[in-house]
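Read off the chains here:
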Amino acid sequence: MNQVNCPVCGMKCVKSGKTKAGSQRWLCKNCKTSLTHKINNESKELQIFLDWLFGKESQSTMSGEGRSFRRKTAKFWDIWAMPPKIAETRDVVFLDGIYLSRKACVLICCDEKHVLGWYLCRYEHAGAWIALMKRIAEPRMVVSDGGTGFAKALKKAWPKAKHQRCVFHVFCQVKRYITSRPNTAAGAELYMLVKDLLKIKSKKESQIWVERFINWIKKYQDFLDEMTIDENGKSRPTHERILKAERSLLKLLKEKTLFTYLDENLKNDFSTPSTNNRIEGGINSRLREMLRNHRGLSIERRIKAVYWWCYMHSPEPLPLSEIIKVMPTEQSITSIYQRMNEKNRLEQSLSIWGDAIVWSDLHNVDRTFDGWD
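Reading guide: rules and limits
The numbers attached to residues start from 1 for each chain and follow its sequence in the written order. The predicted nature of this model means local features are confined to residues of pLDDT at least 70 and side-chain atom pairs, given and counted, to a pLDDT of 80 or more, with totals for whole chains, interfaces and linings taken over all residues. Think of the side-chain values as coming from all heavy atoms in the structure, minus any hydrogens and water. Numbering of helices and strands starts at the N terminus; helices are DSSP runs of H or I of at least 4 residues and strands are runs of E of at least 2. Relative accessible area decides the class of each residue, using a 1.4 Å probe on protein chains only: under 20% of the type maximum gives buried, over 50% gives exposed, and in between gives partly exposed. Each polar contact in these results corresponds to two N or O atoms within 3.5 Å; when the atoms are within protein, one needs to be able to donate a hydrogen and the other to accept it, and residues that are neighboring in sequence are counted only if both atoms are side-chain atoms. Any two residues whose heavy atoms approach within 4.5 Å are treated as being in contact. Pairs of strands are assigned from DSSP output, requiring at least two bridges between the strands. Only the stretch in contact is used when a helix axis is fitted, and all axes are lines through C-alpha atoms; the angle between N-to-C directions ranges over 0 to 180 degrees. Salt bridges, as used here, are contacts in which a Lys or Arg side-chain nitrogen is within 4 Å of a carboxyl oxygen on Asp or Glu. Here, the term nonpolar core denotes a set of buried Ala, Val, Leu, Ile, Met, Phe, Trp, Tyr and Cys residues that are joined through side-chain atoms within 4.5 Å. To estimate the expected span of a helix, subtract one from its residue number and multiply by 1.5 Å. The reported arc concerns the directions from the helix axis to the C-beta atoms and nothing else. Roughly parallel means an angle under 35 degrees; roughly antiparallel, over 145; roughly perpendicular, 65 to 115; everything else is oblique. When the near helix sits turned anticlockwise from the far one by under a right angle, the crossing is termed left-handed; a clockwise turn instead gives a right-handed crossing. Any residue that is not Ala, Val, Leu, Ile, Met, Phe, Trp, Tyr, Cys, Pro, Asp, Glu, Lys or Arg is counted as polar, Gly included; the first ten are nonpolar and the last four charged.

**Describing the side chain of T272**
(1) Moving on: Within the secondary structure, T272 is located in the loop between α10 (264-267) and α11 (277-293).
(2) Moving on: Relative accessible area serves as the criterion here: at 14%, T272 is assigned to the buried category.
(3) Moving on: Reaching out from T272, the side chain makes a polar contact with the backbone oxygen of Y261 at a distance of 2.6 Å.
(4) Moving on: In this structure T272 touches M141, Y261, L266 and K267, once residues within four positions along its chain are discounted.

**Overview of the sheet that holds strand β1 (residues 13-18)**
(1) Moving on: Ordered in space as β1-β2-β3, the three strands form an open sheet in which the pairing is antiparallel. Of all the strands in the sheet, the pair left with one neighbour each is β1 and β3 (34-36). Across the sheet, the axes of successive neighbouring strands diverge by a mean angle of 40°, strand direction being ignored.
(2) Moving on: In this sheet, β3 lies alongside strand β2 (residues 24-28) in antiparallel orientation, the contact comprising three bridges. Counterpart to L27 in the pairing with β3 is S34.

**Thoughts on the pattern of salt bridges**
(1) Moving on: Scanning the model with the defined rule gives ten salt bridges in all.
(2) Moving on: Residue R90 pairs with D111 through a salt bridge whose shortest N-O separation is 3.1 Å. Taken together, the positions of R90 in the loop between α2 (67-73) and β4 (92-101) and D111 in the loop between β5 (104-110) and β6 (115-121) put the pair 21 residues apart, joining distant regions of the chain. Taken as a pair, R90 and D111 share a single burial class, namely buried.

**Topic: the nonpolar core**
(1) Moving on: Ranked by size, the top nonpolar core spans 71 residues in total, and within it F49, I108, L190, L197, W209, W216 and W308 carry the most contacts.
(2) Moving on: Apart from residues no more than four positions distant in its own chain, W216 is found in contact with A186, E189, L190, L193, L224, I242 and E246.
(3) Moving on: Within the second largest apolar cluster, 20 residues are counted, among which are L107, C121, W129 and M133.

**With respect to helix α6 (residues 185-196)**
(1) Moving on: For α6, built from twelve residues, the straight-helix expectation of 16 Å at 1.5 Å per residue is met to within 8% by its first-to-last C-alpha distance of 17 Å.
(2) Moving on: Listed in full, the buried residues belonging to α6 are A186, G187, L190, Y191, L193 and V194. Angularly, the buried residues of α6 cover 165° about the axis, an arc narrow enough to put them on a single face.
(3) Moving on: Contacts from the buried residues of α6 go to α5 (167-178), α7 (203-219), α8 (221-224) and α9 (240-255).

**A few points about the packing of α5 against α9**
(1) Moving on: At their nearest, the axes of α5 and α9 sit 8 Å apart, and the two run at 160° to each other. Comparing their axes, α9 and α5 come out roughly antiparallel. As for how α5 packs across α9, the hand of that crossing is right-handed. Touching V170, Q173, V174, R176, Y177 and I178 of α5 are R241, I242, K244, A245, S248, L249 and L252, all from α9.

**Focus on the side chain of S314**
(1) Moving on: Note on placement: S314 falls in the loop between α12 (299-312) and α13 (320-326).
(2) Moving on: On the basis of relative accessible area, S314 is assigned to the buried category, the value being 3%.
(3) Moving on: A polar contact of 2.5 Å, which involves the side chain of S314, links it to the backbone oxygen of Y311.

**Digging into the packing of helix α3 (residues 126-133) against helix α4 (residues 150-157)**
(1) Moving on: Two elements in contact, α3 and α4, have axes separated by 8 Å at closest approach and are oriented at 40°. If you check the angle between α3 and α4, you find them oblique. Between α3 and α4 the crossing geometry is right-handed. Packed against α3, whose contacting residues are A126, W129, I130 and M133, the element α4 presents F150, K152, A153, L154, K156 and A157 at the interface.
(2) Moving on: Considering only residue class, the contact of α3 with α4 consists of eight nonpolar, no polar and two charged.

**So, the environment of I336**
(1) Moving on: Mapped onto the elements, I336 comes out in helix α14 (residues 330-368).
(2) Moving on: When its relative accessible area of 38% is taken as the criterion, I336 is described as partly exposed.

**Looking at the sheet that holds β6**
(1) Moving on: Here five strands make up an open sheet; going across it, the order is β6-β5-β4-β7-β8 and the pairing mixed. Whereas interior strands pair on both sides, the edge strands pair on one side only; in this sheet they are β6 and β8 (162-165). For this sheet, the mean inter-axis angle between neighbouring strands, taken without regard to orientation, is 20°.
(2) Moving on: Bridge analysis of strand β7 (residues 141-144) against β8 gives four bridges, and the strand direction is parallel. Looking at the pairing, V142 lines up with H163 of β8.
(3) Moving on: Against the sheet, α4 makes contact with β4, β7 and β8, and its axis sits at roughly 165° relative to β7, the strand it touches most.
(4) Moving on: Along the sheet face, α12 touches β4, β5 and β6 and points at about 165° away from the line of β6.

Shown next as structure tokens:
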């Protein structure tokens, strides 16, 4: 039985009959305060909501065909589960973005076990990456798929971190350019070359691979230099897609982000991954599965579902009762924006009023003085 304490003096209360509605009445013998005590079931309801969200069960299979569930859990869609601030340095972190619609992308950062941060943006760009990374302590190594603006953000937010481009994404990028069955000898050799990139395990093997790539460029230099006149009468490369694949590999070699996982200084301290599979296969796939199980959600609820999943898989999520108290809601965020707008309007009005005083003073000066010395 739950113990009920008096809200006035804090002393223990005893049962004192029931109200007309059948609720238990409690009496404080110390200050004679009479009250009824309501049990807060929000934590249990939130747990039911999360079990449904992370599970495969549909609302139609629940009691009342889901109407009771929707009524009790609708309030949890108003909560924004915000990411924590990570102060402890990690050896390796993985970063990637998952698109929920054409104009909604959630950037995610994780380590081997937990989700460390997430950030909502319209598309991947340097500002969004910086906003995500500035709340997370700088790691020693970063693995990413090379999203738009990531390199710029990394130099600004985590300048000392070593960057590893996901080797599997490199392979997929070249494959998109030349396909898995190229029609030319140069394309076929390049495909086999980039396929071998996935098998490199040592520094010596990487040097051999770079030599093979350079020899491939020399061998097919004349072939790659061939030009064609298009329908507009302009000259353009005949084998443009193979050239794009070549330049993408040359860029990675120039940036030294292709074989970071073979760095001896890093390998001696921790396991250095070469791919972004931890976030692609471990997190993004789980998020896509969750959204697929509950397809039909509005874009806003899809975003909040991702937020809920990420928060509950963060290093130290708060107890459910604390989450309800601490996390911002739609109403609290709206009130914050209203206060910000009121403050901006006040500052603008004061600025205009101040300018009016200045112009008035200048006008008085012009009327007082006939000229300037």
